[in-house]
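A closer look at the structure
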Amino acid sequence: GKDPGPLSGIPVALKDNMLYKDTPMTCASRMLENYISPYTAEVVSRLEEAGALIVAKTNMDEFAMGSSGETSYFGPTKNPRDPERIPGGSSSGSAAAVADGEVMAALGTDTGGSVRQPAAMCGTVGIKPTYGLVSRRGVAAFASSMDQVGAIAPSVEDTALVLQVIAGHDPGDSTSLKVEIPDYTEGLEGGVEGLTVGLPGDWIEKGLEPGIREKIEGAAVALEEAGARIERISLPLMEYGVASYYIAATAEASANLARFDGIRYGLSSVKAGNLRETYSFSRSEGFGPEVKRRIMLGTYALSSGYYDAYYIKAQKVRAMISADIKKAFEKVDLIISPAAPFEPFRLGEKIQDPLQMYLIDMYTIPCNLSGIPGITVPLVPPGKGLPVSVQFMGPLLSEKLLFRAARSIERAYEE
Ligand code: GLN
């Protein structure tokens with residue numbers, strides 16, 4: 001006689017940067033190898049109240065810094081669609097576990113693309129909600145002005161069900177929005193008839209593999225056949241997104257990660273003989289190369305003399321990009337783009353080239369810079385080639401519309 005909840009009995013996995021009381025939370029870092037969660041993150045409590053079974057923590061890029069699932073201290077995650085290839089990152093294990101059928105849904109975090117991009121590379125659905133829609137209490141911070149928890153699931157409907165459970169105000173998170181949460185699955189089959197969808201021609205001309213461009217143009221045709229109007233738009237500032245993000249995100253990361261000082265949390269070097277050595281040795285031993293690179297870059301961008309030239313400039317560019325996107329939504333209801341500029345590449349192929357790696361998120365970063373939601377939907381079914389996804393971006397709090405449009409594409413590509 002008791003309602004068991006909308007996710008009753010559903011096995012769910014969590015990216016290992018979310019607290020689950022009395023169990024480890026490593027952030028895939030040596031720094032937190034032996035760290036035990038003192039409480040449970042709000043999102044996880046909500047999943048459990050809805051009846052979900054938390055069955056696993058998943059591998060990730062160290063502290064969510066990476067785009068390929070290869071920077072984890074515990075070793076890389078493989079792509080279930082082709083184990084020689086990357087699964088995308090940083091929520092690599094969450095996307096791989098869903099794609100492989102090990103769980104029916106997983107949570108990830110998305111600061112620059114880390115839910116949508118691995119979901120796309122593994123052939124699953126992934127959503128990054130509006131900044132502030134989902135609580136971050138109990139989720140390890142990377143870049144606090146952009147971090148957002150998102151959901152990964154095999155279908156649009158399942159993704160909507162999970163977001164329904166985790167979205168909504170939390171007084172324990174100062175950035176949490178006080179908004180009504182609509183019923184995301186209601187009207188899901190409503191289609192795209194009458195919607196205007198923007199296709200940013202200039203943005204998808206640059207740096208995109210031709211095969212992917214064809215698939216995105218194909219998705220635009222499918223939307224048109226389903227009754228949407230496709231409008232070619234121009235978003236000329238998008239190409240500065242990656243540069244702006246990698247200053248803003250690293251600056252915030254350098255501040256957030258200052259708490260790992262060898263005293264309060266995590267690894268404390270046994271070789272240290274005094275306070276200065278405790279800081280320096282613990283951080284040298286605890287963090288991997290990508291995390292160190294970010295801390296150094298971010299510290300540099302925030303240091304006096306460079307603050308105006310880099311940090312402030314990046315913030316200005318961020319504001320311009322947000323304004324550009326906002327303006328586009330005066331003309332169109334939604335914008336489509338690729339999820340990533342390339343197909344999943346081979347493990348090890350780009351790990352020595354951080355700039356190439358940073359470019360993987362060129363299509364997902366603008367949502368984080370401007371706070372708007374984005375969802376990625378697979379266009380290539382298993383057995384028909386490497387996964388490629390289309391991304392839908394919508395105005396702030398347009399999740400319901402995004403799910404409906406995403407479902408329309410999913411339906412068009414069902415065999
Ligand atoms: N790949 C991007 C980065 O490395 C985004 C990561 C994320 O969204 N957490 O910063």
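Look up a bit, the structure's there.
Residues numbered from 1 in each chain as written. Predicted model: local features only at pLDDT ≥ 70, side-chain atom pairs only at ≥ 80, totals over all residues. Heavy atoms only, no water.

1. Here's the deal with helix 8 (residues 275–286)
Formally: Strands here mean DSSP runs of E at least two residues long; helices mean DSSP runs of H or I at least four residues long; both are numbered from the N terminus. Multiplying 1.5 Å by the helix residue count minus one yields the expected span of that helix. Polar contact criterion, stated in full: a pair of N or O atoms within 3.5 Å, where within protein one must be able to donate a hydrogen and the other to accept it, and residues adjacent in sequence count only if both atoms are side-chain atoms.
Spanning twelve residues, helix 8 covers 16 Å between terminal C-alpha atoms, matching the ideal 16 Å at 1.5 Å per step. Structurally, the start of helix 8 carries an N-cap: the backbone nitrogen of Arg-276 is 3.3 Å from a side-chain oxygen of Asn-274.

2. Some words on the nonpolar core
How we decide: We define the nonpolar core as a collection of buried residues of types Ala, Val, Leu, Ile, Met, Phe, Trp, Tyr and Cys that are connected through side-chain atoms lying within 4.5 Å of one another. Summary of the burial criterion: residues with accessible area below 20% of their type's maximum are buried, those above 50% are exposed, and those between are partly exposed, where the area comes from a 1.4 Å probe applied to protein chains only. Residue contacts follow a heavy-atom distance rule, with two residues in contact if any of their heavy atoms lie within 4.5 Å.
In this structure, Val-43, Leu-47, Phe-63 and Phe-392 are the most contacted members of the largest nonpolar core, which totals 109 residues. Among all residues touching Val-43, those that are not within four sequence positions of it are Met-18, Leu-107, Val-134, Ser-135, Val-139, Val-149 and Ile-166. Formed by eleven residues, the second largest nonpolar core is a distinct cluster that contains Val-98, Ala-119, Cys-122 and Ile-152.

3. A short note on the site of the ligand
In plain terms, the rule: The nearness test applies per residue and asks whether one of its heavy atoms lies within 4 Å of the molecule or strand. We get accessible surface area from the Shrake-Rupley algorithm with a probe of 1.4 Å; when it comes to residues, only the shown protein chains can shield them. Residues were grouped as follows: Ala, Val, Leu, Ile, Met, Phe, Trp, Tyr, Cys and Pro as nonpolar; Asp, Glu, Lys and Arg as charged; and all remaining residues, including Gly, as polar.
Contacts to the ligand come from 15 residues, most closely from Gly-112, Ser-114, Tyr-245, Arg-294 and Asp-361. A distance of 2.8 Å is found between an oxygen atom of the ligand and a backbone nitrogen or oxygen belonging to Thr-111. Contact with the protein chains removes 100% of the 290 Å² of surface that the ligand exposes when unbound. In terms of residue class, the shell around the ligand is built from five nonpolar, seven polar and three charged.

4. Notes on the packing of helix 7 (residues 241–256) against helix 9 (residues 289–302)
For clarity, the cut-off: Under this scheme, a helix contributes an axis fitted over its contacting stretch, all axes are lines through C-alpha atoms, and angles between N-to-C directions fall in the 0 to 180 degree range. Convention used here: angles under 35 degrees read as roughly parallel, angles over 145 as roughly antiparallel, angles from 65 to 115 as roughly perpendicular, and any remaining angle as oblique.
The contact between helix 7 and helix 9 brings their axes to 7 Å, and the two run at 100°. The pairing of helix 7 with helix 9 is recorded here as roughly perpendicular in orientation. Only Arg-294, Ile-295, Leu-297, Gly-298, Thr-299, Ala-301 and Leu-302 of helix 9 make contact with helix 7, whose side of the interface consists of Tyr-246, Ile-247, Thr-250, Ala-251 and Ser-254. Considering only residue class, the contact of helix 7 with helix 9 consists of seven nonpolar, four polar and one charged.

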